[in-house]
Amino acid sequence: MIDPTVRRIENLLRSPLLIFGGGGLLTALAFVVLWLLFPFYRDLLSHPFWFPVIVMAVMLTLILTSTAVCILFERKIAGFTQDRFGPNRVGFWGLLQPLADGLKFLLKEDITPRHVDRPLFLLAPALALGVSLLGFAIIPWAGEVEWPWAPGVRVSTQVFSLNIGILYLLSVGAVGVYGIVLAGYASNNKYSFFGGMRAAAQMISYELPLGLALLCLLLTTGTLRLEEIVEQQARSGIWYVFMQPLPFLLVLVSSFAEANRTPFDLAEAEQELVGGFHTEYSSMKFAMFFLGEYAHLVTGSAFMVALFFGGWAPLPFTSWLADNVAWWAMLLKLGIYLGKVALFIWFFMLIRWTIPRFRFDQLMRLCWLSLVPVGIGLLIGVALLVALGWHRHWWANLGLNLLVLLIMLWYAGRSKTPVTGRQSDLPPVPA
Amino acid sequence: MRDEDVIEISEPELTAAERLYLPQIFDGLKTTVRHMFDLKRRKEIVHQYPEDTRQGRGTLRVSNYRGVHRLNKDPDGRVACVACFMCSTACPVHCIHIEAGESPWPDREKYPVKFEIDELRCIYCGMCEEACPCDAIELTPHYELVGRTREEMIFDKEKLLQIYEETKHIKPRKNPPITDYGLTGGQSRDVAQPNVERKV
């Protein structure tokens, strides 16, 4: 039935030997090359300027690869939650699927319709992807390293230590809205325009709870620099998720909305607006939107891990690797950080297949009528704590969060309608 | 519709914890995570086609699966169809085209000179099988149809009879009432027992 040659090729591609053997071989080759070239770049590694550049190059490659792997990851997780396997034909466990998808996108016919606004049409996907990748500059991957051949010189694995760290990330996220708005506008198509406007309104609205929650965190930590926040958590052992769980929740929900992820993916849902803002895009441009969404996801996860889950710190209530600057500790910390980011990405994808989508007015009501008041309440509370001087104590912060939660529950118990409003709250259809 | 016929239903009220959405989300996550780590159930449900098929597992019910059609032959080797046009009339999408001709055998008036079914147009509903009085057209359990052109997928009489030869051991032919459910050995009743008085 199937051509035997084709079947043989397929079985070869699917064999674990090819995937893991080939992957292992390539990794071994890379290590050998790095080992052989070591004397040439040894001094670059301990140079305080060039090492972050190397980190940037490595991390960019890693992030772009992980964005591509997210495609496979998403489909595998979708399959597993739905009692089926995801893609497993292309390589063992589907590991060559990103390659196949990338080839498909490259070889597909790239259509630019005649009715679109050309410059903006071509700019939008580039903006969506490019801006999402800018956020990685300030993430502290593994703290500081002291290489054995250059004692006393500490180089940081953070690409650039900005003194307005968190603010930079917020602003970069805001520029990401442009990509989607331009896509919707330039498509010259009613439904794409609607999708673009909805996505823009959603992303801008949810930046408010994000900012408010981050302000609460900022008042507690006292610094905007991400590496100092991670160091505080690693040193004291108390991660900020234990100290301030409600701001974490606000940041989590806002990250879902910023990344246009279910349950907030109304702008790109197929059932809603055909393709939403990316209806008119095909092939590589379409791929760039999705890669941009996944890059946003990875950035958001990395950000949340750094702020709330201790970044590279291994365990919650110990300060195990906090002061260790050896090179092997750096690799361990990097591994821990990436592991936590992977767990977050898994959680993002799991939620996609668990919760139904919010309707647009429900989305807006949730933001403006629930999350923003909670954020403001938390902010007032933390400001009070700062005024009293208790903001560095974990019990004060936790107590405040519990108090706000109780107030929320009491207020929620008072009225009978859900926070996202009822169908009857919508304006009546004109007769 | 009277006013008293209208029943007013309002949406159910949510409790305070429910209105935070978080408990239900956790509940949903429990279900999703449970399914995610259930490898046994996944292996049991999923067919890794084409190595693992429904026929291979034995879960395909051969007696009534609606796959590709075939034209049955009676035990003498003749085509069982009498070109009565009942199947093409019953077909909802008009995919059966028959041309009738005078049959060379004494026990039948007509036989199909041309019998074509457009397999791509067919919706595999089985109405033709239900309509046929001679159980001449049957749907087999074979579903793996591939063709390179649309013309290739219009099956003519020879192709349908060939399918019969290939599938008669998987799904044996039904015995139609006109042969007294097989008791006459394949001839129609009027030929085998001509002088019997029948109500039908």
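Novice: Quick question: what am I supposed to make of the overall build of chain A here?
Specialist: When its secondary structure is counted, chain A shows 16 helices and two strands. Scaling as 2.2 N^0.38, a compact globule of 431 residues should have a C-alpha radius of gyration of about 22 Å, and chain A matches this with 24 Å. Expressed as a percentage of the 431 residues in chain A, the buried residues total 39%. Partitioning the contacts of chain A with sequence separation of at least 6, the portion at a separation of at least 24 is 78%.

Novice: Can you help me understand the overall build of chain B in this one?
Specialist: Helix and strand counts for chain B stand at eight helices and five strands. When the elements of chain B are put in sequence order from the N terminus, they spell out α-α-α-α-β-α-β-β-α-β-β-α-α. Taken over the C-alpha trace, chain B has a radius of gyration of 27 Å; the compact-globule value for 200 residues is 16 Å, which it surpasses by more than 25%. In chain B, of all internal contacts separated by at least 6 residues, the share reaching a separation of at least 24 is 68%.

Novice: What exactly am I supposed to notice about the interface of chain A and chain B here?
Specialist: Size of an interface, as often reported, equals the accessible area lost when the parts are brought together. Chain A puts 18 residues into the contact, and the matching count from chain B is 19 residues. Mapped by element, the contributors of at least two residues to the side of chain A that touches chain B are helix H4 (50–81) and helix H16 (394–414) of chain A. For the side of chain A that touches chain B, the residue count by class is 11 nonpolar, three polar and four charged.

Novice: I would appreciate a short explanation of the packing of helix H8 (residues 190–221) of chain A against helix H15 (residues 360–388) of chain A in the present structure.
Specialist: Between two packed helices, what matters for the description is the angle formed by their axes and the separation of those axes. Residues and elements named next belong to chain A. The N-to-C vectors of H8 and H15 enclose an angle of 15°; their axes lie 9 Å apart at closest approach. In this view, H8 runs roughly parallel relative to H15, as classed from their interaxial angle. In this structure, H8 meets H15 at a crossing whose hand is left-handed. Taken together, the residues of the contact of H8 with H15 break down into 21 nonpolar, four polar and one charged.

Novice: Explain the sheet that holds strand E2 (residues 96–102) of chain B to me, please; I cannot follow it from the model alone.
Specialist: Remark on secondary structure: sheet strands pair via backbone hydrogen bonds, oriented parallel or antiparallel. All names here are of chain B. One open sheet accounts for three strands, arranged E2-E3-E5; its pairing is antiparallel. Edge strands, defined here as strands with exactly one partner in the open sheet, are E2 and strand E5 (154–155). Along the sheet, helix H7 (residues 157–167) contacts strand E3 (110–118) and E5; its crossing angle with E3, the most-contacted strand, is approximately 85°.

Novice: When you look at unusual backbone geometry in this model, what are you seeing that I'm missing?
Specialist: Glycine aside, negative phi is the norm for most residues, and most peptide bonds take the trans geometry. A positive phi angle is found at Asn260(A), which is not glycine, with a value near 55°. Summarising the element assignment, Asn260(A) is placed in the loop between helix H11 (245–258) and helix H12 (270–273). Its 25 C-beta neighbours within 10 Å are what place Asn260(A) among the buried residues. Residue His94(B) is not a glycine yet carries a positive backbone phi of 55°. When you line up the elements, His94(B) lands in the loop between helix H5 (86–90) and E2. Using a count of 11 C-beta atoms within 10 Å as the deciding quantity, one classes His94(B) as exposed.

Novice: Mind showing me how you'd approach helix H6 (residues 118–134) of chain A here?
Specialist: Since the α-helix advances by 3.6 residues per turn, residues separated by three or four positions end up pointing in the same direction. Residues and elements named next belong to chain A. Taking 1.5 Å per residue as the helical rise, H6 with its 17 residues ought to reach 24 Å, and the 25 Å between its terminal C-alpha atoms agrees with that figure. Along its length, H6 shows its largest kink, about 25°, at Ala-124, and proline Pro-125 lies within four residues downstream of that point. Along H6, the residues that are buried comprise Phe-121, Ala-124, Pro-125, Leu-127, Ala-128, Leu-129, Val-131, Ser-132 and Leu-133.

Novice: So what exactly am I meant to see when it comes to helix H2 (residues 16–36) of chain A here?
Specialist: Taking 1.5 Å per residue, 21 residues should reach 30 Å; H2(A) reaches 29 Å between its end C-alpha atoms and fits that length. Of all the 21 residues making up H2(A), zero are buried; the element is thus mostly uncovered.

Novice: Before we go on, may I ask you to explain the nonpolar core in this structure?
Specialist: For soluble globular proteins, the rule of thumb is that nonpolar side chains tend to be buried together. Ranked by size, the top nonpolar core spans 101 residues in total, and within it Ala128(A), Ile180(A), Ala213(A), Val298(A), Ala306(A) and Ile345(A) carry the most contacts. No other element matches helix H13 (residues 283–308) of chain A, which puts 15 residues into this core. When sequence neighbours within four positions are dropped, the list of residues in contact with Ile345(A) reads Cys70(A), Phe73(A), Leu297(A), Val298(A) and Ser301(A). Within the second largest apolar cluster, 20 residues are counted, among which are Cys81(B), Phe115(B), Cys132(B) and Leu160(B).

Novice: Can you help me understand the confidence of the model for chain B in this one?
Specialist: Chain-level pLDDT for chain B is 86 on average; 93% of the residues reach the 70-or-more range. Of the two predicted TM-score estimates for the complex, the pTM is 0.85 and the ipTM is 0.81.

Novice: When you look at the pairing of E3(B) in this model, what are you seeing that I'm missing?
Specialist: Side chains on a regular strand alternate between the two faces of the sheet. Residue and element names in this part refer to chain B. Alignment of E2 against E3, held across seven bridges, turns out to be antiparallel. For Glu-102, the partnering residue across the bridge sits in E3 and is Lys-110. Across two bridges, the pairing between E3 and E5 is antiparallel. The residue bridging Ile-117 from the neighbouring strand is Phe-155, located in E5.

Novice: Can you walk me through the environment of Asp118(B) in this structure?
Specialist: All names here are of chain B. With respect to the helices and strands, the residue Asp-118 is situated in strand E3. As for Asp-118 and Pro-141, which are separated by 23 residues in sequence, their C-alpha atoms are 18 Å apart. If sequence neighbours within four positions are ignored, Asp-118 has contacts with Cys-95 and Ile-154.

Novice: Teacher, can you tell me more about the environment of Thr167(B) here?
Specialist: Residues and elements named next belong to chain B. Tracing the sequence through the fold places Thr-167 in helix H7. Given 19 C-beta atoms within 10 Å, Thr-167 falls into the partly exposed group. Taking the C-alpha atoms as reference, Thr-167 lies 20 Å from Asp-52; in sequence the two are 115 residues apart. Beyond its immediate sequence surroundings of up to four residues, Thr-167 is in contact with Arg-70, Thr-140 and His-142.

Novice: Explanation requested: the packing of H4(A) against H13(A) in the structure shown.
Specialist: Residue and element names in this part refer to chain A. The geometry of H4 relative to H13 is characterised by a closest axis approach of 9 Å and an angle of 110° between their N-to-C directions. Considering their axes alone, H4 and H13 lie roughly perpendicular with respect to each other. Viewed along their axes, H4 and H13 form a crossing whose handedness is right-handed. Residues Ile-63, Ser-66, Thr-67 and Cys-70 of H4 lie in contact with H13, whose contacting residues are Leu-291, Tyr-294, Ala-295, Leu-297 and Val-298. Broken down by class, the residue content of the contact of H4 with H13 amounts to seven nonpolar, two polar and no charged.

Novice: What is the right way to read the environment of Phe348(A) from this model?
Specialist: Among the structural elements, Phe348(A) can be located in helix H14 (residues 327–352). As for Phe348(A) and Pro430(A), which are separated by 82 residues in sequence, their C-alpha atoms are 39 Å apart.

Conventions adopted
Residues numbered from 1 in each chain as written. Chains lettered and ligands numbered in written order. Predicted model: local features only at pLDDT ≥ 70, side-chain atom pairs only at ≥ 80, totals over all residues. Helix = DSSP H or I, 4+ residues; strand = E, 2+ residues; numbered from the N terminus. Rg over C-alpha atoms; globule rule 2.2 N^0.38 Å. Buried ≥ 20, exposed ≤ 12 C-beta atoms within 10 Å, placed from the backbone. Contact = placed C-beta atoms within 7 Å. Nonpolar A, V, L, I, M, F, W, Y, C, P; charged D, E, K, R; others polar. Axes fitted to C-alpha atoms, helices over the stretch in contact; angles between N-to-C directions. Parallel < 35°, antiparallel > 145°, perpendicular 65-115°, else oblique. Left-handed = near helix turned anticlockwise from the far one by under 90°. Pairing = 2+ DSSP bridges. Expected span 1.5 Å × (residues − 1). Bend = angle between axes of the 7 residues up to and from the residue. Core = buried A, V, L, I, M, F, W, Y, C linked by C-beta atoms within 7 Å. pLDDT = per-residue confidence, 0-100.

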